[in-house]
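One letter stands for each residue in the lines below.
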Amino acid sequence: MNIVEQIRQLCQEKNAIIMAHYYQRPEIQDVADFVGDSLALAQVAAKTNADIIVMCGVHFMAETAKILCPNKKVLIPAPEAGCSLADSCKATDLAAWKAAHPDHMVVSYVNTSAAVKALTDVVVTSSNALKIVKQLPEDKPILFGPDQNLGGYINRMTGRKMDLWNGGCHVHARFSEEGLLALKEQYPNAKVLAHPECKASILQHADVIGSTQALLNYAISHSSSERPISNSEASHSQYIVVTESGILHEMQKACPEVEFIAVPAVMDDLTICQCNECEYMRMNTLEKLYDCLRKESDEIIVNNKVAQDAIKPIQRMLEMS
Ligand code: 13P
Ligand code: SF4
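Once a new chain begins, its residue numbering starts again from 1 and follows that chain's sequence as written. Whichever chain is written first is A, and whichever ligand is written first is 1; the rest continue in order. Only residues with pLDDT of at least 70 get local features here, since the model is predicted, and only at 80 or more are side-chain atom pairs given and counted; chain-wide, interface and lining totals rely on the full set of residues. As a rule here, side-chain values come from all non-hydrogen atoms in the structure, and water together with hydrogens is ignored.

A. Local environment of the packing of aromatic side chains. For Phe, Tyr and Trp, rings pair up if their centres lie within 6.5 Å, where Trp contributes its six-membered ring, and each pair is then called stacked (planes under 30 degrees apart), edge-to-face (over 60) or tilted (otherwise). Counting across every chain of the model gives 3 aromatic pairs. Judged by centre distance (6.3 Å) and plane angle (85°), the rings of Y218 and Y239 are edge-to-face. You can see Y218 sitting in helix 13 (residues 212-221) and its partner Y239 sitting in strand 11 (residues 238-242), a full 21 residues away along the chain. Buried, partly exposed and exposed residues are distinguished by accessible area as a fraction of the type maximum, computed with a 1.4 Å probe on protein chains only: under 20%, between the cut-offs, and over 50%, respectively. Among the residues examined, Y239 registers a relative accessible area of 0% and is labelled buried. Among the aromatic residues, those joined into a ring-pair cluster are Y218, Y239 and F260. Helix and strand labels come from DSSP, where a helix needs a run of H or I of at least four residues and a strand needs a run of E of at least two; each type is numbered from the N terminus.

Here it is, written out as structure tokens:
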């Protein structure tokens, strides 16, 4: 048996489900039972009948699954897989920010630790952030963190003036406007798909802004093999994709006739590199996944009190999505 067959056999024997984010290595996405964005991963975790959830993503995703399923075993193949965005706001930082703004409510992006979620009123993902913020009382001031790019995008779209934490994702921060404009010149007919974790200077050139799932859905619904949504909407054959390049695997599988062009990241003023990959997401490998299932480690443990406080804003999010 090859390693993929061995992984699948272990899943069957142990009633385990493998969940993977779209930024995972292609071979991890292919072996998974479910591939999705941050919201879908949380929704599926909340409903699964499996005894074991193996989260192929980064630590906060596995932690969110554990908070939603306290009685299940939640495993992560690479426990060291963190997130620069989640790390940009510690619980002690948020506690101090809250203390300085006692009349504000706290909206936190899902890319946060359990301890940060425990201090939060409502969690959002890039799929539902706009929808949820629009439902919050207009006269209520909001602290939004940690992603200032997503927060700025929501402020521009809703007209709200949320106070933003100064955090960001190092992968999305590396995309440059000059690099994107050069690609647009090279591919003048391509539509630009961008994730809201990108800077405003990137988002201003995007035709579509959304979560990984939303970008994928747009490409699928506008591919020539699908009937266009309405007569006025044409199908597109080229996309410039401004997010972590792992999403191109599913895009290419779903729309084989379409050309997806990844935007290279810029390290400094002189060096262009292909580092549009999140090194944390790429820490999960087939070998680590196999070991993780076989040894049932590393298991995610969340402190009981933190989990009890953190589940409330996550459940609020699921209800408001
Ligand atoms: P989504 O898949 O929810 O768009 O999230 C992107 C991300 O940065 C995950 O770390
Ligand atoms: Fe975190 Fe950015 Fe990696 Fe997503 S892509 S896990 S936000 S560092």
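B. Quick look at the nonpolar core. Definition of nonpolar core: a set of buried residues of the types Ala, Val, Leu, Ile, Met, Phe, Trp, Tyr and Cys, connected through side-chain atoms within 4.5 Å. Of all hydrophobic cores here, the largest spans 71 residues; its most connected members are V122, I240 and V242. In what follows, a contact means two residues having at least one pair of non-hydrogen atoms within 4.5 Å. Among all residues touching V122, those that are not within four sequence positions of it are M105, V106, V107, S108, I132, L136, P313, R316, M317 and M320. Judged by nonpolar contacts, the second largest core, of 33 residues, contains C11, I28, L215 and F260.

C. How the structure looks around the site of ligand 2. Proximity is defined per residue: if any heavy atom of the residue lies within 4 Å of a molecule or strand, that residue is considered near it. Close to ligand 2 lie Y23, V58, C83, S84, N111, C169, H170, E197, C278 and M281, which account for all nearby residues. A majority-of-atoms criterion places ligand 2 in the largest cavity. Tallied by class, residues from the shell around ligand 2 come to 6 nonpolar, 3 polar and 1 charged. Space inside and on the surface of the protein is sampled on a 1 Å grid over the protein atoms alone, with a cavity defined as a set of points where a 1.4 Å probe fits but cannot get out and a pocket as an open set with protein on both sides within 12 Å along at least 5 of 7 lines; lining residues have an atom within 4 Å of a point. For a cavity or pocket, the test is whether more than half of a molecule's atoms lie within 2 Å of its grid points; if they do, the molecule sits there. Residue polarity follows a fixed list, in which Ala, Val, Leu, Ile, Met, Phe, Trp, Tyr, Cys and Pro are nonpolar, Asp, Glu, Lys and Arg are charged, and the others, Gly among them, are polar.

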